[in-house]
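# What the coordinates show
These are the residues of each chain, in order.
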Amino acid sequence: MPRLAVEQLSVRYADPAGEGPVLQDVSFTLEAGEIGVVLGASGCGKTTLLNALAGFLPPTAGRILLDGRPVRGPGAERGVVLQKQALFPWLTAGGNVEFPLRLRGWPRRKRRAEAEAWLERLGLAGCYGRPLHQLSGGMCQRVELARALAADPAILLLDEPFGALDAFTRESLQILLLTLWRDSGKSLFFITHSVEEAAFLGSEVLVLSPRPGRVVHHAKLAFNRAFLHSGDVRAVKADPAFIAARERLLEAVHASQG
Amino acid sequence: MPVRANDPYGLPPPGGAWPLSLAVAAALLALWWAAARFGWVSPLFLPGPGRVWRAFLWLCSDQASGGGLAGHVLASLGRVLAGFLLAVAVALPLGLAMGLNRLVRAGLDPLLEFYRPLPPLAYLPLTVLWLGIGEGQKVLLLTLAMAPPLVLAARAGVRAVALEQLHAAYAMGAGRRQVLLFVVLPAALPDILTGLRIALGFGWTTLVAAEMVAAQQGLGQMVLNAANFLRTDIMMVGILVIGLIAMAFDGLMRLLARRLTPWHGKV
Ligand SMILES: Nc1ncnc2c1ncn2[C@@H]1O[C@H](COP(=O)(O)OP(=O)(O)OP(=O)(O)O)[C@@H](O)[C@H]1O
Ligand SMILES: [Mg+2]
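The text that follows walks through the structure, step by step, so that each part is easy to find. (Residues numbered from 1 in each chain as written. Chains lettered and ligands numbered in written order. Predicted model: local features only at pLDDT ≥ 70, side-chain atom pairs only at ≥ 80, totals over all residues. Heavy atoms only, no water.)

## Thoughts on the interface of chain B and chain A
Contacts between chain B and chain A engage 18 residues on the former and 23 residues on the latter. Applying the counting rule to chain B against chain A returns one salt bridge. One salt bridge in this structure joins E164(B) and K84(A), with 3.8 Å as the shortest N-O distance. Counting across the chain B and chain A interface gives three residue pairs in polar contact (both at pLDDT 80 or more). Broken down by element, the side of chain B that touches chain A gets its largest block of residues, seven residues, from helix α7 (residues 163-171) of chain B. Its residues placed into classes, the side of chain B that touches chain A shows 12 nonpolar, four polar and two charged. (Contact = heavy atoms within 4.5 Å. Salt bridge = Lys/Arg side-chain N within 4 Å of Asp/Glu carboxyl O. Polar contact = N/O pair within 3.5 Å; in protein donor to acceptor, adjacent residues only side chain to side chain. Helix = DSSP H or I, 4+ residues; strand = E, 2+ residues; numbered from the N terminus. Nonpolar A, V, L, I, M, F, W, Y, C, P; charged D, E, K, R; others polar.)

Listed below in structure tokens is the structure:
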């Protein structure tokens, strides 16, 4: 049974900006422990899809199944890192990371140790007590990742988490994400508008067309595992096979624009 | 030159310039002194600083009636604080409920909008009719005056939380109660603290009205009583003391806000 199955999903907003549904007949599956990537131009409905998967937005038609059970409303088994920053500024970096553990009633000392471990894994050792306004954008993004991972979801939904970062920080976080993926064995659902990011991270890459959002292209890739095997980003991203896959995705995006 | 980290470009600059504040205050004092010294204004209308100071000393001595100035201050302080606590206990939950629940909001909004702009002096006789001329009436009047800003602040505060923050909390498995407690309330705290500050100010604004009817003691009563005897100097002492106490409380509230919500406006 796939971890995530989306069947004939359509979403139509009550007060649409344009005409027609934002998503129409979107179907795909994602196996446990894989990275599904959705690639599409701005406004094609990526965030809408994530909101539906997370349970914030009821589908107009179709079904979303997590481990075979239909999704109704949000739940801790589907973690999110949203496109807009959603940290709690009244808490420190550590306070944010241990928030999901506080919800579960973990004792203070235990959840602090866990939060510190997560911060360290994300390269933020010693940041436990730092207020958020003293952290850079990239650091905040890592805190969000740490918080979502500390909640220990079955699948993590990420909406352009590195969209606002420079190329170097972005690549280092892609690498970090793959390492965390390998160590945790979690399923990831990753939204991006970067073709290279999609090709690098995705086990399955779906290209979404704009208005209505449909899956117009589907690719099975393995550059994520190739990287984890060799540990050499440059070699993977300069590999002719990677470049060819990237170009095919780019073509599909262009074709989807009509 | 080092950059001041707390001075983000584009934001109105925080803080003030206390030498300037002090200079303006000193200039006004000098003007006041000159007006009395050179007889520009009759002392009946504006007694000089010296005269007011002597009245202050006399009020502090044991010759003054009714426990002197300290007694007046304590009586007024007690009323304002009692009214404040009562207003907080009633208005904060009401405001939160209005922010959170559409039906509560629909039910209470017209009532609040009707009574909010009413001047306390207008319903003062009503409070006397209801509660007589004891302490209860005075505290009620103060409570009624302080409640609206608190309701509005709590109600607006509930809206201060970002949709993304709510979504993130629900996706971490938070229940509605937990979201309210751990997300909505902390996000509302800056607004609520501002509301508390404004409410306290309203309390001092309403003090004289509250002590109009049959008060034995209190700063407002002291000013009204002095007016009957044309003791302008005592009136001025009363006004200055009310102003200074209100200022001190405002400073305290600001300090509290800085301690409780140091993150506010920075992220
Ligand atoms: N709450 C809403 N009500 C009505 N229309 C909406 C709403 N949210 C999004 N839309 C519309 O749905 C379409 C898809 O929006 P969505 O946010 O899903 O795009 P996106 O692919 O995430 O874009 P981006 O890459 O810029 O984040 C847009 O045309 C947008 O105007
Ligand atoms: Mg989006």
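## Comments concerning the sheet that holds strand β6 (residues 78-81) of chain A
All names here are of chain A. Strands sit in the order β6-β7-β8-β3-β9-β10 across an open sheet of six strands; the sheet is mixed. Unpaired on one side and paired on the other, β6 and β10 (215-220) mark the two borders of the sheet. Neighbour to neighbour, the strand axes of the sheet diverge by 15 degrees on average, direction disregarded. Pairing geometry for strand β3 (residues 35-39) and strand β8 (residues 187-192), over five bridges, is parallel. Residue pairing in the sheet places V38 in a bridge with I191 of β8. The strands touched by helix α5 (residues 137-150) within the sheet are β6 and β7 (155-159), with β6 carrying the most contacts at an inclination of about 175 degrees. (Pairing = 2+ DSSP bridges. Axes fitted to C-alpha atoms, helices over the stretch in contact; angles between N-to-C directions.)

## A short note on the sheet that holds strand β4 (residues 61-66) of chain A
Residues and elements named next belong to chain A. In space, the four strands of this open sheet follow the order β2-β1-β4-β5, with antiparallel pairing throughout. Because the sheet does not close on itself, it has two edges, and the strands there are β2 (23-30) and β5 (69-70). Both strand β1 (residues 4-11) and β2 contribute to a ladder of five bridges, which runs antiparallel. Its bridge partner being in β2, V6 is matched across the sheet by F28.

## Here we look at helix α9 (residues 219-228) of chain B
Residues spaced three or four apart along an α-helix face the same direction, because each turn holds 3.6 residues. Residue and element names in this part refer to chain B. Within α9 the residues assigned to the buried category are L219, G220, Q221, M222, V223 and A226. Buried positions along α9 lie against α2 (49-60), α3 (68-100), α8 (176-210) and α10 (232-260). In the stretch just after α9, L230 is the one whose phi turns positive, near 55 degrees. (Buried < 20%, exposed > 50% of the residue type's maximum accessible area, 1.4 Å probe, protein only.)

## Some thoughts on the coordination of the magnesium ion (ligand 2)
Around the magnesium ion (ligand 2), the protein supplies T47(A) (OG1) and Q83(A) (OE1) as donor atoms, at distances of 1.9 to 2.2 Å. Of the two residues, T47(A) is situated in helix α1 (residues 46-54) and Q83(A) in the loop between β6 and α2 (93-97); the sequence distance between them amounts to 36 residues. (Donors = N, O, S within 2.8 Å, 3.2 Å for Na, K, Ca; no water.)

## Some thoughts on the site of ligand 1
Residues and elements named next belong to chain A. As a structural note, the neighbourhood of ligand 1 is formed by 15 residues, with S42, G43, K46, T47 and T48 the closest of them. Between ligand 1 and S42, the relevant distance is 2.5 Å, taken from an oxygen atom to a side-chain nitrogen or oxygen of the residue. In this structure, an oxygen atom belonging to ligand 1 sits 2.9 Å away from a side-chain N or O atom of Q83. Within the complex, the protein chains bury 70% of what would otherwise be the 630 Å² of accessible surface of ligand 1. Considered class by class, the residues forming the shell around ligand 1 number five nonpolar, six polar and four charged. (Near = heavy atom within 4 Å. Areas by Shrake-Rupley, 256 points an atom, 1.4 Å probe, with all protein chains shown as cover.)

## Quick word on the nonpolar core
Ranked by size, the top nonpolar core spans 96 residues in total, and within it L4(A), L9(A), F99(A), F189(A), V183(B) and L219(B) carry the most contacts. Residue contributions to this core peak at 15 residues, all from α8(B). With residues near it in sequence (within four places) discarded, L9(A) still touches L23(A), Q24(A), D25(A), V26(A), L49(A), A52(A), P59(A), A61(A), G62(A) and I64(A). One finds A146(A), V236(A), F242(A) and A245(A) within the second-largest nonpolar core, a separate group that totals 54 residues. (Core = buried A, V, L, I, M, F, W, Y, C linked by side-chain atoms within 4.5 Å.)

## A word on the packing of aromatic side chains
With the rule as written, the count across this model stands at 13 aromatic pairs over all chains. Judged by centre distance (5.9 Å) and plane angle (15 degrees), the ring pair of F28(A) and F189(A) falls under stacked. Placement of F28(A) in strand β2 and of F189(A) in strand β8 is noted, with a sequence separation of 161 residues between them. The same class applies to F28(A) and to F189(A), which are both buried. An aromatic cluster of at least three residues, connected via ring pairs, comprises F88(A), W90(A), F99(A), F182(B) and W263(B). Geometry around F182(B) places R102(A) over its ring, the cationic atom sitting 4.3 Å from the centre. Positioned above the aromatic ring of W106(A) is the side chain of K110(A), whose terminal nitrogen or guanidinium carbon lies 4.3 Å from the ring centre. (Phe/Tyr/Trp six-rings, centres within 6.5 Å; stacked < 30°, edge-to-face > 60°. Lys NZ or Arg CZ within 6 Å of the ring centre and 35° of its normal.)

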